[in-house]
Amino acid sequence: MRAASIGDYREAARRRLPHFLFEYFDGGSYAERTLRANIEDLQDIALRQRVLTDVSAIDLSTTLFDQKLAMPVALGPIGLAGMAARRGEVQAARAAAARGVPFTLSTVSACSLAEVARGCPTPFWFQLYMVRDRGFLHALLEEAHEIACPVLVFTVDMPLPGARYRDVRSGLSGAAGLRGQARRIGQAMTRPRWAWDVGIRGRPHQLGNVAPLLGPRSGLEDFLGWMKDNFDASVTWADLDFVRAHWKGPIVIKGILDPDDAHRAADAGADGIIVSNHGGRQLDGVPSVARALPAIADAVAGRLTLLADGGVRSGLDVVRMLALGAQGVLLGRAWAFALAADGERGVQHVLDLIDAEMRVAMALTGATTVDRIGAGSLAA
Ligand code: FNR
């Protein structure tokens, strides 16, 4: 399938995925106000149109953490993305590599670090959730280091999972045991293409990285319970020392939404931060990223690398994030939906759409390079 816009992939994913999986990818927490605000506030940002400047040569490339990228975009971590398509994280990593941008593998991915490394020759970023078992974390970080992940994304906005009512309603987390399983199988049977391609041929369905902790029973429902019991809610800034002790490369803290926390991250020696509210899946009612970003950019200007995610649905949105102060932007649902709809090809196409849409936005704001996008690109 060839989508005209990234939004089209959401509808295609709705048709392709079993209901509980679509709801898992699409949903946010509580009344989903922050989820909606991420998208709407970003789209409300007006750019300043400039004309009659020579924009015949536009360069989207940039450098983040000493890595040369084709554009200032990365695929952000999405847990269980591997359930969207057969061995999905491998497909997404390959798509990102083909388009010259980083892929970030979640701690709670379906495919393990080793499987993605085998399937994708280009190094990818790794995202860390702090679980209680520090020995396990240490081993995981060692593995990520051994397969040459260049950047560690340390997510800090999930001391415990937010309340996602859609997951309860859909049967993903609401109905335990056999009843829940029967509901999910029933939903999967209405999506025969997914059922055959992912449900049957895409096995094993487990969390590749945390399978050793989960043991042989590691279905979806075990995973959600495990997350509640094993994520470490006692983590503080002091624990950054543990991460630093076991990770020599750049550390990027994901889930910063307040200028004071941004300062603390810089003081604590983080190499970068990702301004994020977890795509509106954690604390509903916190500001959208588009609203939070400018004050954070002012607060930490030049002290660390500033990335952002939340609500990016086009290349135009990427340019808006850069105009608000980000140096790079992570895609979330945008790539997960394309993966569900059309696998590796869909994710590549999303990146092609972003590329083409960024070029138009840059041409009409008179910015021929990424570093020329900034506060001056915003309409008064
Ligand atoms: C996420 N996100 C996320 N973040 C993270 O650090 N580790 C993870 O495992 C996940 N898992 C995850 C699953 C799903 C289904 C979604 C939608 C999101 C958050 C993600 O990295 C990113 O912050 C948001 O997705 C950005 O918002 P948009 O652009 O998707 O609206």
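Residues numbered from 1 in each chain as written. Predicted model: local features only at pLDDT ≥ 70, side-chain atom pairs only at ≥ 80, totals over all residues. Heavy atoms only, no water.

Trainee: Explain a nonpolar patch on the surface here, please?
Mentor: A cluster of nonpolar side chains, Val51, Leu52, Val360 and Leu364, forms an exposed patch at the surface whose accessible area comes to about 430 Å². On the secondary structure map, valine 51 appears in the loop between helix H3 (33–44) and strand S1 (62–64). A residue is classified by how much of its surface remains accessible, and valine 51, at 53% relative accessible area, is exposed. (Patch = residues over 30% accessible without salt bridge, like charges linked within 9 Å, V, L, I, M, F, W, Y side chains within 5 Å. Areas by Shrake-Rupley, 256 points an atom, 1.4 Å probe, with all protein chains shown as cover. Salt bridge = Lys/Arg side-chain N within 4 Å of Asp/Glu carboxyl O. Helix = DSSP H or I, 4+ residues; strand = E, 2+ residues; numbered from the N terminus. Buried < 20%, exposed > 50% of the residue type's maximum accessible area, 1.4 Å probe, protein only.)

Trainee: I would appreciate a short explanation of the site of the ligand in the present structure.
Mentor: Around the ligand lies a shell of 22 residues, among which Pro77, Ser106, Thr155, Asp309 and Arg333 are the nearest. Contact distances for the ligand include 2.8 Å between an oxygen atom and a side-chain N or O atom of arginine 313. Take arginine 333: an N or O atom from its main chain is 2.7 Å from an oxygen atom of the ligand. Contact with the protein chains removes 98% of the 600 Å² of surface that the ligand exposes when unbound. By residue class, the composition of the shell around the ligand is 7 nonpolar, 10 polar and 5 charged. (Near = heavy atom within 4 Å. Polar contact = N/O pair within 3.5 Å; in protein donor to acceptor, adjacent residues only side chain to side chain. Nonpolar A, V, L, I, M, F, W, Y, C, P; charged D, E, K, R; others polar.)

Trainee: Can you walk me through helix H8 (residues 177–189) in this structure?
Mentor: Think of an α-helix as 3.6 residues a turn; residues three or four steps apart then line up on the same face. For H8, which comprises 13 residues, the first-to-last C-alpha distance of 19 Å matches the rise-based estimate of 18 Å (1.5 Å per residue) to within 8%. Within the sequence span of H8, burial applies to Gly180, Arg184, Gln187 and Ala188. Here the buried residues of H8 occupy an arc of 100° about the axis, which is enough to place them on one side. What points out from H8, more than 90 degrees from its buried face, is the exposed set Leu178, Arg179 and Met189. (Expected span 1.5 Å × (residues − 1). Arc of directions from axis to C-beta.)

Shape is all these values report; function is a separate question.
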